[in-house]
Amino acid sequence: MKILWNLLLIFLIPVQGVELDLDNTVSVKKACYAIAKNMLSHYTGYKPGDVPGNLPDPYYWWEAGAMFNALIDYWFYTGDSRWNNITSQALIWQAGESGSFMPANQTRTEGNDDQGFWAFAAMSAAERNFPMPRDKHETPGPDWLAMAQATFNTQAWRWDAQNCGGGLRWQIFTWNAGYMYKNTISNGCFFNLAARLARYTGNQTYADWATKVWNWTHAVGFMTDDYSFYDGASIDGNCTNFDHVQWTYNAGVYLLGAAAMYNYTNGDPLWKQRTEGIINAAHIFFADSPSSKDIMYERACESINTCKVDQRAFKGFLARWMAQSTQFAPFTYDMVMPKLRSSALAAAKTCTGGSDGAECSLKWTEQKYTGGPAGGDVGIQMAALEVLQSTLIQKVEPPVTRKEGGLSMGDPAGGSEPPVPTPALLVREIETGDRVGAALVTIFMAGCIVWSVKWAVHDPGT
């Protein structure tokens, strides 16, 4: 009865603005609801005629996957299931029949990191026993775990040992800008997913891949000895000319993977050292002035007002993964929670704008609403939601595994067929008939060009 009464207090009382008392669970949940509701005012994919899982411009496809992961966590932290149906609908639609999150209408923009963020949502759904719709069980298709495995398999196909000694490229398809670039977040997503699959399934192959990705990231120099993470480098220089910018989410994605490996290895001191090292190095993303002590900020762009659409969400992922690391590696709790609580309090103070009084601002260090993009912003709202709900981490059970409570059905072979869904005409072998046909067409076209030029030269009208 107490739980029911708390839910009624949180979700039936009208919300106007965000007030936060971190020592009051009802207050935190009510604030999370207000921010999440504002975030979802941008989403229309559940409406007839729209595409489930897609956000409108200017948001890229990956950010929708990140948003639905935040909603899975929101359900788990708060017990509020009102958005579960649209979340399941989006994941199932975007995963497709293969479960690998490779929709044909995203080939112009989808990179390995984009695919990884959708796989994270599926992995979180498996780890949290997020309910699969009943009709989905009645119609055979990939379950949450199978989606994560299918994505892992497609990315394992793309491991590029011929350039820079390994690693994933940023982009999947050759025609996309960035195909020649190897970046930390794409490889971090692969590492994170492999580590969590190892923990969930107990399969050593995933752990071996996680170790392989970690070792390569360090060897190539994207991760330094003191656990700083650079953005990436082009294969043109054999990945030696680094982009030295440091983003919050690069540290976060490796942190959760390291914590998952610590958990999988039953407390291996090496993975403990690595987990601690990343947390200690991440201090650069927290302000140290007396007025904004321990408040998270995106140091690469916030101070100079250059944060783009994607980058406005980044620090929310560091908050998400710092909190979740405390469940994989409990020794980290006292290291991260003071920073998350300070950041959550500051973030909540920015969420007083808009018609609903729950629109947030980018700069938590300002500790007040300072405006933002017209109509609000999904990434800004999502980051605030992530840091607020992260403070509830001790109120929920740790992620399950297949041996300990996990219900999601897997498919280790999912997505392991062709590496990319390239149209058949682009991959079939060229035969003699093709060459002859091409030659005839070439001769015919050359004749047409000669005739056209001759006609143009002798045309009395010219």
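Residues numbered from 1 in each chain as written. Predicted model: local features only at pLDDT ≥ 70, side-chain atom pairs only at ≥ 80, totals over all residues. Heavy atoms only, no water.

K.L.:
Looking at this structure, I do not really get the environment of Ser-81. What am I missing?
P.N.:
Checked against the element boundaries, Ser-81 lands in the loop between α3 (61–78) and α4 (84–95). Residues Ser-81 and Pro-131, 50 residues apart in the sequence, show an inter-C-alpha distance of 9.9 Å. (Helix = DSSP H or I, 4+ residues; strand = E, 2+ residues; numbered from the N terminus.)

K.L.:
What is the right way to look at α4 in this model?
P.N.:
Counting along an α-helix, one turn takes 3.6 residues, and residues three or four places apart therefore face a common direction. Given a rise of 1.5 Å per residue, 12 residues ought to cover 16 Å, and the 16 Å separating the end C-alpha atoms of α4 matches this to within 8%. Every buried residue of α4 is accounted for by Asn-84, Ile-86, Thr-87, Ser-88, Ala-90, Leu-91, Gln-94 and Ala-95. Positive backbone phi, at 75 degrees, marks Gly-96, one or two positions downstream of α4. (Expected span 1.5 Å × (residues − 1). Buried < 20%, exposed > 50% of the residue type's maximum accessible area, 1.4 Å probe, protein only.)

K.L.:
How do you make sense of the pattern of salt bridges when you look at a structure like this?
P.N.:
Should the charged atoms of two oppositely charged side chains come close, the side chains can pair. One pass over the structure, following the stated rule, counts 11 salt bridges. Ionic pairing is found between Arg-82 and Asp-80, a salt bridge with its closest N-O pair at 2.8 Å. Here Asp-80 falls in the buried class, since its relative accessible area comes to 8%. Linking Lys-339 and Asp-294 is a salt bridge whose minimum nitrogen-to-oxygen distance equals 3.7 Å. On the criterion of sequence distance, the pair formed by Lys-339 in helix α13 (residues 333–350) and Asp-294 in the loop between α11 (269–281) and α12 (314–328) is long-range, its members being 45 residues apart. Side by side, Lys-339 and Asp-294 carry an identical accessibility label, which is buried. What you see here is one network of salt bridges that share partners, running through Asp-73, Arg-320 and Glu-386. (Salt bridge = Lys/Arg side-chain N within 4 Å of Asp/Glu carboxyl O.)

K.L.:
Before we go on, may I ask you to explain the environment of Ile-92 in this structure?
P.N.:
Tracing the backbone through its elements, the reader meets Ile-92 in helix α4. Expressed as a C-alpha distance, the spacing of Ile-92 and Gly-53, which sit 39 residues apart in the sequence, is 8.9 Å.

K.L.:
Help me out: how do you make sense of the side chain of Glu-298 in this one?
P.N.:
Along the chain, Glu-298 falls in the loop between α11 and α12. Notably, Glu-298 is buried but unbridged: the nearest opposite-charge side chain belongs to Lys-315, and the N-O separation is 6.2 Å. In this structure the side chain of Glu-298 is engaged in a polar contact, spanning 3.5 Å, whose partner is the backbone nitrogen of Lys-315. If near-sequence neighbours (up to four positions away) are discounted, Glu-298 is found in contact with Gln-246, Trp-247, Thr-248, Gln-311, Phe-314 and Lys-315. (Lys, Arg positive; Asp, Glu negative; His and termini not counted. Polar contact = N/O pair within 3.5 Å; in protein donor to acceptor, adjacent residues only side chain to side chain. Contact = heavy atoms within 4.5 Å.)

K.L.:
What should I look at first to understand the packing of α3 against helix α14 (residues 378–390) in this one?
P.N.:
In a packed pair of helices, the relevant descriptors are the angle between the two axes and the axis-to-axis distance. In the contact formed by α3 and α14, the axes pass within 10 Å of each other and the chain directions differ by 30 degrees. On the basis of their axis angle, the class for α3 and α14 is roughly parallel. Taken as a pair, α3 and α14 cross one another with a handedness that is left-handed. In this structure, α3 contributes Glu-63, Ala-66, Met-67, Ala-70, Asp-73, Tyr-74 and Tyr-77 to the contact, and α14 contributes Val-378, Gly-379, Met-382, Leu-385, Glu-386, Gln-389 and Ser-390. Tallied by class, residues from the contact of α3 with α14 come to eight nonpolar, three polar and three charged. (Axes fitted to C-alpha atoms, helices over the stretch in contact; angles between N-to-C directions. Parallel < 35°, antiparallel > 145°, perpendicular 65-115°, else oblique. Left-handed = near helix turned anticlockwise from the far one by under 90°. Nonpolar A, V, L, I, M, F, W, Y, C, P; charged D, E, K, R; others polar.)

K.L.:
Explain the confidence of the model for the chain here, please?
P.N.:
Close inspection of predicted coordinates is inappropriate for parts of the model with low pLDDT. Residue-level pLDDT values for the chain average 89, and 85% of them are 70 or greater. Low pLDDT, under 50, characterises residues 9–15; the predicted model gives this stretch 18 contacts beyond four residues in sequence or across chains. A low-confidence stretch, residues 419–462 stays under pLDDT 50, and its non-local contacts, those more than four residues away or across chains, total 14 contacts. (pLDDT = per-residue confidence, 0-100.)

K.L.:
Is there a simple way to explain the state of the cysteines in this structure?
P.N.:
Two cysteines joined by a covalent bond between their sulfur atoms form a disulfide. What the rule picks out here adds up to three disulfides. Note that Cys-164 is cross-linked by a disulfide to Cys-239, the S-S spacing being 2.1 Å. Between Cys-164 and Cys-239 the disulfide shows an S-S torsion of about 80 degrees. By sign, it is right-handed. With Cys-164 in the loop between α7 (144–157) and β1 (181–183) and Cys-239 in the loop between β2 (232–234) and β3 (242–243), the pair connects residues that are 75 residues apart, well separated along the chain. (Disulfide = S-S within 2.5 Å.)

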